[in-house]
Amino acid sequence: ENDSASIVGNSINEIYEDHSGSLWVCTDAGLSQLIRGGEKHHFKNYLHSLKDAHKTGGNAVTDIMEDRSGNLWVSMRGGGLNRLDESGQFTRFLHAEDSSGRLENWIENLHEDVNGIFWLSARASRLVTFDPRSGVFTRYNTEQLGEEHVYGIGNGSLGNLLLSTTKGLFSL
């Protein structure tokens, strides 16, 4: 963690504003929070540290969202799913290894559905759900998607989920 006049990296994956108006920037080099202070603004940068388990699970931060309880969740390439608490500490949630031996902790996109279940676009299995109440990950059957990677997840108007892929839009 450090303070800086600039975000931690130039390759920006996501920009998000939370309920309190804080602006968060996800980059390939870490997570940055804009601290607004009168005429002078600065960034608080959250960086990975092998020595501290309460830092991010990696530096390549891909997405951020705020759940209905006000918790911030951060996804990472290889670093899994991370919850950021009010004190600035991270709790890391890692999915078990799949049958091919690849870890499913390369997460590109996060989405919370109407039931409070998180949907994660994961590299190894394409789509994984996470229940934040139990801490359980479940691989979702993506047969209808074939080999397509899920890039984005959103709510449809009929209560369904919409998935953006290289082959177009899918509805679940």
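Residues numbered from 1 in each chain as written. Predicted model: local features only at pLDDT ≥ 70, side-chain atom pairs only at ≥ 80, totals over all residues. Heavy atoms only, no water.

### Some remarks on the overall build of the protein chain
And step 1. Scanning the protein chain from N- to C-terminus turns up zero helices and 16 strands.
And step 2. The burial tally for the protein chain puts 47% of its 172 residues in the buried class.
And step 3. Excluding contacts between residues fewer than 6 apart, the proportion of contacts in the protein chain whose partners are at least 24 apart in sequence is 41%.
And step 4. Approximately 9000 Å² of the protein chain is accessible, and the part contributed by carbon and sulfur atoms is 48%. (Helix = DSSP H or I, 4+ residues; strand = E, 2+ residues; numbered from the N terminus. Buried < 20%, exposed > 50% of the residue type's maximum accessible area, 1.4 Å probe, protein only. Contact = heavy atoms within 4.5 Å. Areas by Shrake-Rupley, 256 points an atom, 1.4 Å probe, with all protein chains shown as cover.)

### So, the sheet that holds strand β12 (residues 126-131)
Within a sheet, adjacent strands bond to each other through the backbone by hydrogen bonds, running parallel or antiparallel.
And step 1. What the four strands build is an open sheet, ordered β10-β11-β12-β13; its pairing is antiparallel. The sheet is open, and its two borders are formed by β10 (107-112) and β13 (136-139), each paired with just one other strand. Shown here is a sheet whose adjacent strand axes are inclined to one another by a mean of 25°, direction ignored.
And step 2. When strand β11 (residues 118-122) meets β12, the two strands line up antiparallel, connected through five bridges. Each residue of the ladder has a partner; that of S121, found in β12, is L127. (Pairing = 2+ DSSP bridges. Axes fitted to C-alpha atoms, helices over the stretch in contact; angles between N-to-C directions.)

### Topic: the nonpolar core
And step 1. The biggest cluster of nonpolar side chains holds twelve residues, and these are M65, W73, L81, F93, I107, L110, F118, L120, A122, V128, F130 and F137.
And step 2. Per-element tally for this core: the top contributor is β11, with three residues.
And step 3. Among all residues touching L81, those that are not within four sequence positions of it are W73, V74, T91, R92, F93, I107, L110, F118, L120, F130 and F137.
And step 4. Y46, V74, M76 and L84 belong to the second largest nonpolar core, which has eleven residues in total. (Core = buried A, V, L, I, M, F, W, Y, C linked by side-chain atoms within 4.5 Å.)

### Describing the environment of V74
And step 1. Inspection of the secondary structure puts V74 in strand β7 (residues 72-76).
And step 2. Excluding its chain neighbours within four sequence positions, the residues that come into contact with V74 are L31, V61, D63, I64, G80, L81, N82, F90 and L110.

### As for the sheet that holds strand β16 (residues 168-171)
And step 1. With antiparallel pairing, three strands are arranged side by side in an open sheet as β14-β15-β16. Either end of the sheet is taken by a strand with one partner, and the two such strands are β14 (150-155) and β16. Taking the axes of each pair of neighbouring strands and ignoring which way they run, one obtains an average angle of 25° across the sheet.

### Considering the pattern of salt bridges
And step 1. Throughout the structure, instances matching the rule amount to four salt bridges.
And step 2. In this structure, the salt-bridge partner of R77 is D28, at a minimum N-O distance of 2.6 Å. With R77 in the loop between β7 and β8 (80-84) and D28 in the loop between β3 (23-27) and β4 (30-35), the pair connects residues that are 49 residues apart, well separated along the chain.
And step 3. The salt bridge partner of E108 is R77, with a shortest N-O separation of 3.1 Å. A residue pair is termed long-range when its members are at least 10 positions apart, and E108 in strand β10 and R77 in the loop between β7 and β8 qualify at 31 residues. (Salt bridge = Lys/Arg side-chain N within 4 Å of Asp/Glu carboxyl O.)

### Regarding the pairing of strand β2 (residues 12-17)
And step 1. In terms of strand pairing, β2 meets β3 through five bridges, oriented antiparallel. For E17, the partnering residue across the bridge sits in β3 and is L23.
And step 2. The antiparallel hairpin formed by β2 and β3 contains five residues in its connecting segment, where G21 sits at a positive phi of about 95°.

### What about the packing of aromatic side chains?
And step 1. In the structure shown here, the tally under the stated rule is eight aromatic pairs.
And step 2. Arranged with centres 5.7 Å apart and planes meeting at 80°, the rings of Y46 and F90 form a pair that is edge-to-face. Of the two residues, Y46 is situated in strand β5 (residues 42-46) and F90 in strand β9 (residues 90-93); the sequence distance between them amounts to 44 residues. Taken as a pair, Y46 and F90 share a single burial class, namely buried.
And step 3. Here the aromatic cluster, defined as three or more aromatic residues joined through ring pairs, consists of W73, F93, F118, F130 and F137. (Phe/Tyr/Trp six-rings, centres within 6.5 Å; stacked < 30°, edge-to-face > 60°.)

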